[in-house]
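# Observations on chain architecture
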Amino acid sequence: SVPGRLLYLLLCIALALAPSPAFCDDALPPGVDGGVKRGLDFLAQQQNADGSFGAAQKPAITGLALMAFLASGHTPSAGKLDANIGKFGSNVRAAVDYLLSQAQADGSFGHNEKQMYGQAIATAALAEAYGVEDSQAQRKRIAAALANSVKVIVSAQEIHKTDVYAGGWRYETNAPDSDLSLSGWNVLALRACQDVGIAVPKQAMQRAAKFVMKCYNPDARAFAYQPGAAVTPSMTGVGVLCLHLLEADGKQPPEAAAAAAKTLAARPVDDASQFPYYAIYYAAQAAFQAGDPIWPAVSRMTAERLLKNQQPDGGWPDANAESGSAGRAYSTSMALLTLSISYRLLPVYQR
């Protein structure tokens with residue numbers, strides 16, 4: 001929406017011009033702004049000549065990198081409002097152009113391995129870019145790609161599945177089952193599209209909410225990767241965030257969201273967690289949605305952990321098993337997205 005775009009632009013201006021720390025919560029360590037700036041410098045150097053990021057899974061990794069820049073106030077319109085704004089505007093523009101170049105006539109972003117990861121992340125990133133794009137021609141291109149992508153995402157959800165998996169998503173468009181991880185990314189994509197005025201069937205959001213709740217274990221007050229599986233901190237983070245993103249008609253999310261958020265605070269992500277960058281990202285997003293007193297505690301612990309692991313060159317160590325050989329563009333993007341939650345710029349993550 002136009003008001004949403006104006007608010008985002010004003011926040012970007014404030015972030016660029018305000019003394020450090022900018023929008024960080026008082027509870028966060030003072031090194032967050034500096035860490036984010038060094039991380040963005042490193043990430044910009046990882047961009048490929050065609051505007052993409054990563055050595056593999058490029059639509060997904062490029063989407064994550066694009067959101068990392070946007071989340072810190074860097075829009076495609078670098079320097080148009082103020083010389084200090086949008087230092088990485090050219091990187092943002094190139095990433096958007098790359099994703100648009102990958103948008104196929106059938107609405108997909110290429111039929112790569114684990115297609116629905118790339119589909120969802122590229123869609124979410126383009127939706128956030130659409131919200132701050134001032135070129136009408138580019139807005140039309142992005143809107144068309146988003147509308148086509150929503151059709152792909154919804155069609156994948158509508159594939160006939162047994163009741164236990166109905167309403168969710170899996171790696172491929174025609175998969176007979178679903179998992180909470182893929183469903184989380186696709187919920188994020190649909191909500192981001194919805195927020196910028198791209199039509200999303202209400203039934204799709206309702207079906208997604210039902211699947212998310214199938215992954216909830218009321219005894220453990222936590223979420224699992226698939227219905228009936230063991231609960232984990234990372235999936236609990238995904239579940240809590242999804243329930244907040246899927247709020248319908250202004251209603252509060254189910255009580256499960258509050259209960260699971262407390263579980264997440266009591267048993268946080270640690271070094272033993274599988275896929276640590278992914279786990280800490282979703283745990284922090286869930287904590288932010290949960291609000292006080294969970295957010296201050298989780299955010300400080302999360303920021304301290306990430307800043308401790310940041311490398312001298314500004315990036316974060318590769319996580320081969322997690323990134324699928326995509327390289328440090330993945331780990332750095334995920335770390336930056338997590339650290340920038342407190343800036344409150346990406347509309348899809350605002351409370």
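Our subject is the structure that appears above.
Our subject in this report is the structure included herewith. (Residues numbered from 1 in each chain as written. Predicted model: local features only at pLDDT ≥ 70, side-chain atom pairs only at ≥ 80, totals over all residues. Heavy atoms only, no water.)

## Section: helix α10 (residues 255-266)
The criterion, for reference: The secondary structure listing takes helices from DSSP runs of H or I that are at least 4 residues long and strands from runs of E that are at least 2 residues long, numbered from the N terminus. One fewer than the residue count of a helix, multiplied by 1.5 Å, yields its expected span. Here the term buried applies to any residue with accessible area under 20% of the maximum for its type, exposed to any over 50%, and partly exposed to those in between, with areas from a 1.4 Å probe on protein chains only. Throughout, a residue-residue contact means that at least one pair of heavy atoms, one from each residue, lies within 4.5 Å.
Given a rise of 1.5 Å per residue, 12 residues ought to cover 16 Å, and the 17 Å separating the end C-alpha atoms of α10 matches this to within 8%. Those residues of α10 that fall on the buried side of the exposure criterion are A256, A257, A259, A260, A261, T263 and L264. Structurally, α10 contributes buried residues whose contacts are with α8 (202-214), β1 (216-217), β2 (222-223), α9 (233-245), α11 (276-290) and α12 (294-309).

## Comments concerning the packing of aromatic side chains
Counted only if it meets this: Centres within 6.5 Å are what make two rings of Phe, Tyr or Trp a pair, Trp counting through its six-membered ring; a difference in plane orientation under 30 degrees is then read as stacked, over 60 as edge-to-face, and the rest as tilted.
Scanning the entire structure with this criterion turns up 10 aromatic pairs. Aromatic side chains W185 and Y282 sit 5.4 Å apart centroid to centroid with 70 degrees between the ring planes, which places their arrangement in the edge-to-face category. With W185 in helix α7 (residues 180-195) and Y282 in helix α11, this residue pair connects regions lying 97 residues apart in the sequence. Each member of the pair, W185 as well as Y282, carries the same accessibility label: buried. Here the aromatic rings of Y216 and F223 are separated by 5.0 Å at their centres, their planes lie at 50 degrees, and the arrangement is tilted.

## Examining unusual backbone geometry
Following D292, the chain continues into P293 via a peptide bond in cis, with omega recorded as 0 degrees. Tracing the chain through its elements places P293 in the loop between α11 and α12. With phi around 50 degrees, Q57 is a residue other than glycine that occupies positive phi space. Of note, Q57 is situated in the loop between α2 (32-45) and α3 (58-71). The phi dihedral of R344 is positive, around 60 degrees, even though this residue is not glycine. Tracing the backbone through its elements, the reader meets R344 in the segment after α14 (328-339). Taking relative accessible area as the criterion, R344 reaches 33% and is therefore assigned partly exposed.

Take it as geometry only, folks, not as evidence of what the structure does.
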